[in-house]
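Spelled out from the first residue to the last, the chains are:
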Amino acid sequence: MWIYDKKLEYPVKIKTRNPRMAKYIITQYGGPDGELAASLRYLSQRFSMPTKEAKAILNDIGTEELAHLEIVGTMVHQLTQGVPAEIMEREGLGDYYSDHDHAVYPLSAAGNPFTAAYIQSKGDPIADLYEDLAAEQKARATYENLINLADDPDVIDPLRFLREREIVHFQRFGEALRIVQDRLAQKAFYVKKPDFMGK
Amino acid sequence: MDMNREKLLRELMAADFAVIDMNLYLDTHPNDQRAILIYNVLVQRAKMLRDNYERLYGPLTPMTPSKCPFEWINEPWPWQRHYSPFAL
């Protein structure tokens, strides 16, 4: 279970609204390499992890990604709050405004709504952990693209924090992968055949 | 949000983040005795800052005793512009 903590993991206080930047940043809310996909991926994969280290790291990084989802949603909210319809349209958010007004909705920068097709949960811990390593690198690259598009320090600062977390998560997943590989390489004695054999 | 509240909240955010980061490290290094020592100190400090903040400014989780009316619903929420301390 989860209990809400009434604070952000990292502060967001954007003084200048910028709907165009919100249109780009929202991709980390509901896009292919975004925080919603990350959280859902890890929290789903944790059920089939074989070691206590791997269960714990997927559980805890999956939880931290929910805090990142909140940071990104907060940025989009603060960048668009109260911006008039004609400015939303001029800055490229006419389509978004039509369906969502100033609400926060999970979609990619190109406007594709969130889909669980962005993630996999394979039941094979090696396959899952390699996906997770790739996911962290893709998210890091996306944050770098967003930092390149931004010019406001109030926006760049939380983006830099989120980028750094992708690097830490990549490191931790790499360690979990090594632990799982070592475990699977250990000599095992079976009282019956493992279920992938003899079919 | 007044200056003192911002300052105390910001200290708590930093302290909690240190716990989160150390937690992830320990997930994959559960036998690192020195890191567990550091973790325990960080947890103590975060708990102290949290208790102090909640005593002055109300609940951070909906598991804190409340006066009437129910204090949990009080604004601001973290996404509101006037909530967070200024970013670094």
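The structure displayed is predicted, hence computed values, not measured ones.

Caption draft 1: Examining the overall build of chain B more closely. When helices and strands are counted, chain B shows two helices and zero strands. Computed over the C-alpha atoms, the radius of gyration of chain B is 15 Å, more than 25% above the 12 Å expected from 2.2 N^0.38 for a compact globule of 88 residues. Taking the principal axes of the C-alpha coordinates as reference, chain B spans close to 45 × 30 × 20 Å. By residue count, 15% of the 88 residues in chain B fall in the buried class. Of the contacts made within chain B by residues no fewer than 6 positions apart, 47% connect residues no fewer than 24 positions apart.

Caption draft 2: Structural view of the interface of chain A and chain B. Contacts between the two partners involve 28 residues from chain A and, on the opposite side, 24 residues from chain B. Of all the elements in the fold, those that place two or more residues in the side of chain A that touches chain B are helix H4 (52-80) and helix H8 (153-185) of chain A. Looking at the side of chain A that touches chain B, its residues break down into 12 nonpolar, four polar and 12 charged.

Caption draft 3: Expanded view of the environment of B:Thr61. Topologically, B:Thr61 is positioned in the segment after helix H2 (33-57). On the neighbour-count criterion, B:Thr61 (13 C-beta atoms within 10 Å) is partly exposed. For the pair B:Thr61 and B:Asn31, spaced 30 residues apart in sequence, the C-alpha separation works out to 31 Å. In this structure, B:Thr61 is in contact with A:Ile3, A:Tyr4 and A:Asp5, ignoring residues within four places of it in sequence.

Analysis parameters
- Starting from 1, residues in each chain are numbered consecutively following that chain's sequence as written.
- Chain labels run from A onward and ligand labels from 1 onward, assigned in the order the entries are written.
- Note on the predicted model: pLDDT of at least 70 is required for a residue's local features to be given, and 80 or more for side-chain atom pairs to be given and counted; whole-chain, interface and lining totals, by contrast, use all residues.
- Each helix is a run of DSSP H or I of at least 4 residues and each strand a run of E of at least 2, with the numbering of both proceeding from the N terminus.
- Throughout, the radius of gyration refers to the C-alpha atoms, and the reference size of a globule is 2.2 Å times the residue count to the power 0.38.
- Exposure classes come from backbone-placed C-beta atoms, where a residue is buried if 20 or more other C-beta atoms lie within 10 Å of its own, exposed if 12 or fewer do, and partly exposed in between.
- Contact between two residues is assigned whenever their backbone-derived C-beta positions fall within 7 Å.
- Any residue that is not Ala, Val, Leu, Ile, Met, Phe, Trp, Tyr, Cys, Pro, Asp, Glu, Lys or Arg is counted as polar, Gly included; the first ten are nonpolar and the last four charged.

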